[in-house]
Amino acid sequence: MEFQKSPGWLDWYAGPCRPRFRLPQGAVDAHCHVFGPGAQFPYAPERKYTPCDASKDQLFALRDHLGIGRNVIVQATCHGSDNRALLDALRNSNGRARGIATVKRGVTDAVLQEMHAAGVRGVRFNFVKRLVDFTPRDELLEIAGRIAPLGWHVVIYFEAVDLPGLWEFFTALPTTVVVDHMGRPDVSKPVGGPEFQLFVKMLREHPNIWSKVTCPERLSLSGPPALNGERHAYRDVVPFARLLVETFRDRVLWGTDWPHPNLKDHMPDDGLLVDFIPQIAATPDLQHKLLVDNPMRLYWPEET
Ligand code: 0GY
């Protein structure tokens, strides 16, 4: 099948620099995706965007180029609940990738078991309205109840303004819960203001909730260095990520978000995203927890 990518969509950047920051041995990219290729793994009819292809081989090449050890591949909404591209990537990773799937109510135990064998360790619930249609809460709770006995967790994606209405649902989930992209704060608002502090309160009061400190390129208003002439990229995101890394040091994860879906103003150089890490995790100890200890405990507990 031929797919035409959505207008304005930027392709991922094929010439990333080699990072100056030396990642610790075995660092995990805990948030990335594969897209298709559409000819082999068609995009879902219900998708809200059509991406450019981004194959498992291209992801694994980036992993090796950046000095990353392992990946956690997150099912992207353009594939709906058809997890074939994800499973294919996991099965071809030599055990160096785990996955987060999207499933529907009624998924059979046999399918869940098959996914577990391939390396799936969680499901994603998406509340970002431009990406997905609404799914009733009782359906999500039913899915959470089904995956909990497998030791899987729930990944949630939402925007900061929607947290008050979602709070009760999130804090009632029976599993470990991992929040994508710091709950998408509006970084033009103060880090100590009510919006981000509500998110911090949720983590403080609920030790089963973790956060990815990902996507400075998506959240930033100050932008990358080439646009604003500053030495450091994504300066306005730093205080948010840093606060989480320092306060919840055992519950934070880092990832590239490659191939960076839905970016329309600039596409980051993934090498520079690696160089961003010391700004948000300033000591070798914090870096090791963020990049190795935490993701290994969550995704490869048998090796820790
Ligand atoms: C991300 C962010 C986005 C997209 C998706 O599954 C997706 O389509 O997650 C976004 O558009 O903000 O995590 O990749």
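About the thresholds
- Residues numbered from 1 in each chain as written.
- Predicted model: local features only at pLDDT ≥ 70, side-chain atom pairs only at ≥ 80, totals over all residues.
- Heavy atoms only, no water.
- Helix = DSSP H or I, 4+ residues; strand = E, 2+ residues; numbered from the N terminus.
- Buried < 20%, exposed > 50% of the residue type's maximum accessible area, 1.4 Å probe, protein only.
- Salt bridge = Lys/Arg side-chain N within 4 Å of Asp/Glu carboxyl O.

### Topic: unusual backbone geometry
Peptide bonds are mostly trans, and most non-glycine residues show a negative phi.
Link 1 in the chain: A cis amide bond links Gly-36 with the next residue in sequence, Pro-37, at an omega value of 5 degrees.
Link 2 in the chain: In this model, Trp-258 is joined to Pro-259 through a cis peptide bond whose omega is 0 degrees.
Link 3 in the chain: Relative to the assigned elements, Pro-259 resides in the loop between strand S8 (252–253) and helix H10 (270–275).
Link 4 in the chain: A positive phi angle is found at Asn-94, which is not glycine, with a value near 55 degrees.
Link 5 in the chain: In this structure, Asn-262 is a non-glycine residue whose phi angle is positive, near 65 degrees.
Link 6 in the chain: Within the secondary structure layout, Asn-262 lies in the loop between S8 and H10.

### A look at the environment of Gln-4
Link 1 in the chain: Counting through the fold element by element, Gln-4 comes out in the segment before strand S1 (28–32).
Link 2 in the chain: According to the relative accessible area criterion, Gln-4 is exposed, its value standing at 71%.

### Examining the pattern of salt bridges
Link 1 in the chain: Overall, the coordinates contain 21 salt bridges when judged by the stated rule.
Link 2 in the chain: Note that Asp-88 is salt-bridged to Lys-56, the shortest N-O span being 2.9 Å. Pair noted here: Asp-88 is in helix H2 (residues 84–91) and Lys-56 is in helix H1 (residues 56–66), with a separation of 32 residues, a long-range link. Like Asp-88, the residue Lys-56 is buried in the burial classification.
Link 3 in the chain: Between Glu-142 and Arg-105 there is a salt bridge, with the nearest N and O atoms lying 2.9 Å from each other. Pair noted here: Glu-142 is in helix H4 (residues 137–147) and Arg-105 is in the loop between strand S3 (97–101) and helix H3 (109–118), with a separation of 37 residues, a long-range link.
Link 4 in the chain: Overlapping salt bridges bring together Arg-63, Asp-64 and Arg-96 as one network.

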